[in-house]
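# Reading the structure
Residue-level listing of the chains:
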Amino acid sequence: MASITKNMRYLGMVLCVGGVLGGASTASAATTLRLAHTFNPGEASYELFAKLPGLVEERTDGEVRIQVFPSEQLGSEVQLLQQASNGSVDIAVPGYSGASTLVPALEISNAPFMFQSWDEARHILEGDAYQPIFDELDEQYGLQPLAKSWYWGWRNFTFKGADVQSLEDMAGLKIRVPESPAWVEMINAFGASATPIPFSEVYLALQQGTVDGQENPIPTIYARKFFEVQDQLVMSRHMLQSQVVLINSNRFDSLDSDQQETLKDIMAELADENYTMQSAREEEMLQEMKDSGLIDVVDDIDRTPFEQAAQSAYDNLTSRWGEEHFQRVLDAVEGYRQQH
């Protein structure tokens, strides 16, 4: 009987110590996710991702933590995508054009004149039409979206030494574009000459007259001070730029379901806040550029001829994107417009 009692006490001590050690282990076993992005101080997205760690730690009771590496600290957009795919970072925030270096069909959202409003774009990106494209991204590269629609802005043209009031005025102009097929095909369809130049070299190329113009959203034109070396801003709104927040699928699957939902909920809230901040700043930045006297703004360009010309770009890009993907998105856009 005494030996049984002794053994019971020993077992109790083991369980007690195990419980203490187990508790200590659990308390220190927070999951840390590494998020890397390309945004710079002064940009809305930079500010929002700076407050993300506090939100995640608070709502997961410290079980999940976020470490943020901003401003291309860990590499360019495409490099960060590759790192997220191989797991050396956990979360990346590329534009859809950057993400299309992995799955070309992701670029469909950047097609010229694809969307008429941000609500329409969100409906398509977050709905059934885009899901097979995200499935392909997950299957081939182990990445899935935490936020599918992160507003950046409508792209517009700037020029120097050219008065562009119509599509015909684009003829022969050299326009800087990203190194992406959708942009090259679009500019060529407009009768101009597409000139791919790395983003870091755009200001110098404009200043030196290497190209006659470029196109970007208002926040980019403002933040990168392109308006200092251009004399005309044409509000063509020819393309909508959006980012996508992607997480390594293995890392996401390692979280429990509550943590996964919390992370997605926070990203959805920040995406909404980003749209509010970014669209308000667009108006302020545009007004400030007008007031500077450095650049003339053309607000009333006839966009219809540009939109019609862009159709030929679609013809050349469909094989890249996949006809089935492209047609499914077009059908979804048409269905949305019929209901609205």
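Structure first, text after, so check above.
Let me begin by describing the structure that accompanies this report.

Calculation criteria
- Residues numbered from 1 in each chain as written.
- Predicted model: local features only at pLDDT ≥ 70, side-chain atom pairs only at ≥ 80, totals over all residues.
- Heavy atoms only, no water.
- Helix = DSSP H or I, 4+ residues; strand = E, 2+ residues; numbered from the N terminus.
- Buried < 20%, exposed > 50% of the residue type's maximum accessible area, 1.4 Å probe, protein only.
- Polar contact = N/O pair within 3.5 Å; in protein donor to acceptor, adjacent residues only side chain to side chain.
- Core = buried A, V, L, I, M, F, W, Y, C linked by side-chain atoms within 4.5 Å.
- Contact = heavy atoms within 4.5 Å.

It is worth spelling out the environment of D169 at this point. Secondary-structure assignment places D169 in the loop between strand 4 (143–159) and strand 5 (174–177). Since its relative accessible area comes to 30%, D169 is described here as partly exposed. In sequence terms D169 and S76 are 93 residues apart; their C-alpha atoms lie 34 Å from each other. Looking at D169, its side chain comes within polar contact range of the main-chain nitrogen of Q165, at 2.8 Å.

The biggest cluster of nonpolar side chains holds 62 residues, and the ones touching the most others in it are L106, I108, M114, Y130, F159, I187 and F190. The biggest single contributor to this core is helix 12 (residues 304–321), with six residues. Contact partners of I108, with chain neighbours within four places excluded, come to M114, Y130, I133, W321, H325, F326 and V329. Counting residues in each nonpolar core, the second largest holds 27 residues, with L48, I66, F252 and L270 among its members.

Another point: unusual backbone geometry. Of note, the phi angle at F113 is positive, near 60 degrees, even though the residue is not glycine. Take F113: it is sitting in the loop between helix 4 (96–99) and helix 5 (118–125). Under the relative-accessibility criterion, F113 is labelled buried at 9%. One non-glycine residue, R237, adopts positive backbone phi at about 45 degrees. Locating R237 in the fold gives a position in strand 8 (residues 232–248).

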